[in-house]
Amino acid sequence: FKINGPFLIILLLVYSVFAAFKMEQVLRILSYIVIPACVFYFYNYKSPEKAFLGGNDFSYGMYIYGFPVQQTLVFITNNTINLYALIFLSILLTFPLSFLSWFFIEKKALKYKNYIR
């Protein structure tokens, strides 16, 4: 399923207008449309980053290590960390863990995927 760029921009603009007026009920409904549209768009987007990653998949490591990193940051800051700082620091700290996990665990384990029945 593909979403084109102009459609996504229109969706995001509509979402932003409702967000500016703090219409939370409408935003909640629009979230069910906007979030999947963003996921589909970026999944199909051919970016220079995808070429840079060269077939390496760090997504599982981001998924596995993201939550513990976030919880550790919340604990260390005694739950006073700003949401945007939490997001930024979580990505910044989780990506190296994901990178190491891919090259030292996951990629090696995938060599044995056909041996398991």
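Refer to the preceding data block for the structure.
Residues numbered from 1 in each chain as written. Predicted model: local features only at pLDDT ≥ 70, side-chain atom pairs only at ≥ 80, totals over all residues. Heavy atoms only, no water.

*Asks:* Is there a simple way to think about the side chain of Ser31 in this case?
*Replies:* Position of Ser31 among the secondary structure elements: in helix α2 (residues 24–44). The exposure class assigned to Ser31 is buried, which follows from its relative accessible area of 19%. A distance of 3.4 Å separates a polar atom in the side chain of Ser31 from a polar atom in the side chain of Tyr15. Among the polar contacts made by the side chain of Ser31, one reaches the main-chain carbonyl oxygen of Leu27 at a distance of 2.7 Å. Not counting the four nearest positions on each side in its chain, Ser31 is found in contact with Tyr15 and Pro36. (Helix = DSSP H or I, 4+ residues; strand = E, 2+ residues; numbered from the N terminus. Buried < 20%, exposed > 50% of the residue type's maximum accessible area, 1.4 Å probe, protein only. Polar contact = N/O pair within 3.5 Å; in protein donor to acceptor, adjacent residues only side chain to side chain. Contact = heavy atoms within 4.5 Å.)

*Asks:* Looking at this structure, I do not really get unusual backbone geometry. What am I missing?
*Replies:* Excluding glycine, most residues fall at negative phi; most peptide bonds, likewise, are trans. Within the chain, Lys22 stands out as a residue other than glycine whose phi angle is a positive 50°. Overall, the relative accessible area of 67% leaves Lys22 in the exposed class. Phi is positive for Asn79, close to 60°, though the residue is something other than glycine. By the element assignment, Asn79 lies in the loop between α4 (59–76) and α5 (83–110).

*Asks:* It is not clear to me how the environment of Leu11 should be interpreted in this structure. Could you clarify?
*Replies:* Within the secondary structure layout, Leu11 lies in helix α1 (residues 5–20). On the basis of relative accessible area, Leu11 is assigned to the buried category, the value being 12%. Remark: the alpha-carbon pair of Leu11 and Ile35, spanning 24 residues in sequence, is separated by 9.9 Å. When residues no more than four places from it in sequence are discounted, the contact partners of Leu11 are Ile33, Val34 and Ala37.

*Asks:* Can you walk me through the nonpolar core in this structure?
*Replies:* Soluble globular proteins tend to pack their nonpolar side chains together in the buried interior. Ranked by size, the top nonpolar core spans seven residues in total: Ile3, Leu8, Leu11, Leu30, Val34, Ala37 and Tyr41. Every element with two or more residues in this core is listed here: α1 and α2. Counting residues per element, this core draws most heavily on α2, at four residues. (Core = buried A, V, L, I, M, F, W, Y, C linked by side-chain atoms within 4.5 Å.)

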